[in-house]
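Single-letter residue listing:
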Amino acid sequence: MSSEAPAYKRILLKVSGEAFSYPQKLGLSAESINYLSKEIKSIYELNLQIGIVIGGGNIIRGLAASKEGLDRATGDYMGMLATCINALSLMDSLERKGIPTRVMTAIEIRAIAEPFIRRRAIRHLEKGRVVIFAAGTGNPYFTTDSAAALRASEINAEVILKATKVDGVYDKDPKTFEDAKKFSEVTYQIALEKGLKIMDAAALSLCSENNIPIIVFDFFKEGNLKKIILGENIGSFVRR
Ligand code: UDP
């Protein structure tokens, strides 16, 4: 166990599907999953409780599929199943690194994972198991960002760490606009008013109502996750 003291006792990490695939590609990449589990291991060793909500965009997104003719709700259910595939791959990678892990799903698939039961999830966390929350909220027309806001509220997480490929929240797309300005801190209200790309409005509203701060950070820069857990000011802070 590390002697470094974590700034948080219980966190919710939101990892999008893009962290499971090669950059700009669909599907799964062993290398990316290994990076993901290595970064998670580096904070697990700091002795804190870790819940993870997994996205599925590397496999399918219901909204995008519906634009190609698939029924929206069916596409959304497929998207939720996609998060389960990602969750199992992360579970496998974490366990091979010696980290006890439980996958809990919002849609029952008892043969492969536990159904989500709030008090059991908390018990797992208290016992030092990394809990991977899969299948989103269990409902179509939602996103895994909403699932992150929901599960963070339910497990009383102190913070949501939103892993992205940009180093924070900008007033406009930094890839398109050279003069894009980064917010080191922004309130939920301003984020909602300006439509800043942090999370969808439903997720952001839930975080605001339950007063759960969000840190948006560049997950693909090695060591960033650990620095945040140790209290370094990295990325953008979203709060009241
Ligand atoms: N999804 C859903 N309900 C939920 C969470 C997810 O219907 O509560 C579906 C939705 O189609 C979504 C897909 O699962 O597009 C994958 O999730 P998301 O797009 O949030 O993944 P990410 O962008 O984080 O990779």
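Residues numbered from 1 in each chain as written. Predicted model: local features only at pLDDT ≥ 70, side-chain atom pairs only at ≥ 80, totals over all residues. Heavy atoms only, no water.

A word on the overall build of the chain
For the chain, the count of helices and strands is eight helices and eleven strands. Taking 18 Å as the expected radius of gyration for a compact globule of 240 residues, we find that the chain reaches 17 Å, a close match to that expectation. Based on the C-alpha atoms only, the size of the chain along its principal axes is roughly 55 × 50 × 35 Å. Taken over 240 residues, the chain has a buried fraction of 51%. (Helix = DSSP H or I, 4+ residues; strand = E, 2+ residues; numbered from the N terminus. Rg over C-alpha atoms; globule rule 2.2 N^0.38 Å. Buried < 20%, exposed > 50% of the residue type's maximum accessible area, 1.4 Å probe, protein only.)

Considerations on the pairing of strand β11 (residues 236–239)
As defined by bridge partners, strand β9 (residues 185–187) adjoins β11 across three bridges and the pair is classed as parallel. Looking at β11, one finds that T187 is bridged to R239. (Pairing = 2+ DSSP bridges.)

With respect to the packing of helix α5 (residues 144–154) against helix α7 (residues 201–209)
One way to put it is that α5 packs onto α7 with a least axis distance of 7 Å and a crossing angle of 15°. Our classification of the angle between α5 and α7 gives roughly parallel. Two packed elements cross with a definite hand, and for α5 against α7 that hand is left-handed. For the pair formed by α5 and α7, the contact residues are D145, S146, A149, L150 and S153 on the first element and A202, A203, L206 and C207 on the second. Each residue belonging to the contact of α5 with α7 can be placed in one class, and the counts come to six nonpolar, two polar and one charged. (Axes fitted to C-alpha atoms, helices over the stretch in contact; angles between N-to-C directions. Parallel < 35°, antiparallel > 145°, perpendicular 65-115°, else oblique. Left-handed = near helix turned anticlockwise from the far one by under 90°. Contact = heavy atoms within 4.5 Å. Nonpolar A, V, L, I, M, F, W, Y, C, P; charged D, E, K, R; others polar.)

A word on helix α1 (residues 30–44)
Between its first and last C-alpha, α1 extends 20 Å over 15 residues, near the 21 Å set by a 1.5 Å rise per residue. Of the surrounding elements, those touching the buried residues of α1 are β1 (10–15), β2 (49–54), α3 (72–96), β5 (130–134) and α8 (224–229). (Expected span 1.5 Å × (residues − 1).)

Section: the packing of α1 against α3
Two elements in contact, α1 and α3, have axes separated by 9 Å at closest approach and are oriented at 60°. Classed by the angle they form, the pair α1 and α3 counts as oblique. The handedness of the crossing between α1 and α3 comes out as right-handed. Contact residues: I33, N34, L36, S37 and I40 in α1; S89, L90, S93 and L94 in α3.

A closer look at the pairing of β5
In the case of a regular strand, side chains alternate between the two sheet surfaces. With five of five residues buried, β5 is to be regarded as a mostly interior element. Residues V130, I132 and A134 point to one face of β5 and V131 and F133 to the other, with burial holding for every one of them. Across three bridges, the pairing between β2 and β5 is parallel. In the sheet register, G51 faces β5, and the bridge partner there is V131. For strand β3 (residues 101–105) and β5, the ladder comprises five bridges, and the chain directions are parallel. When the sheet's bridge partners are listed, T101 is paired in β5 with V130.

Things to note about the site of the ligand
The ligand sits among 20 residues. The nearest are R61, D76, T137, N139 and T144. Separating an oxygen atom of the ligand from a side-chain N or O atom of T144 is a distance of 2.5 Å. The fraction of the free accessible surface of the ligand (520 Å²) that becomes covered by protein chains is 93%. Looking at the shell around the ligand element by element, the count peaks at three residues for α3. (Near = heavy atom within 4 Å. Polar contact = N/O pair within 3.5 Å; in protein donor to acceptor, adjacent residues only side chain to side chain. Areas by Shrake-Rupley, 256 points an atom, 1.4 Å probe, with all protein chains shown as cover.)

Distances and angles like these do not, on their own, reveal function.
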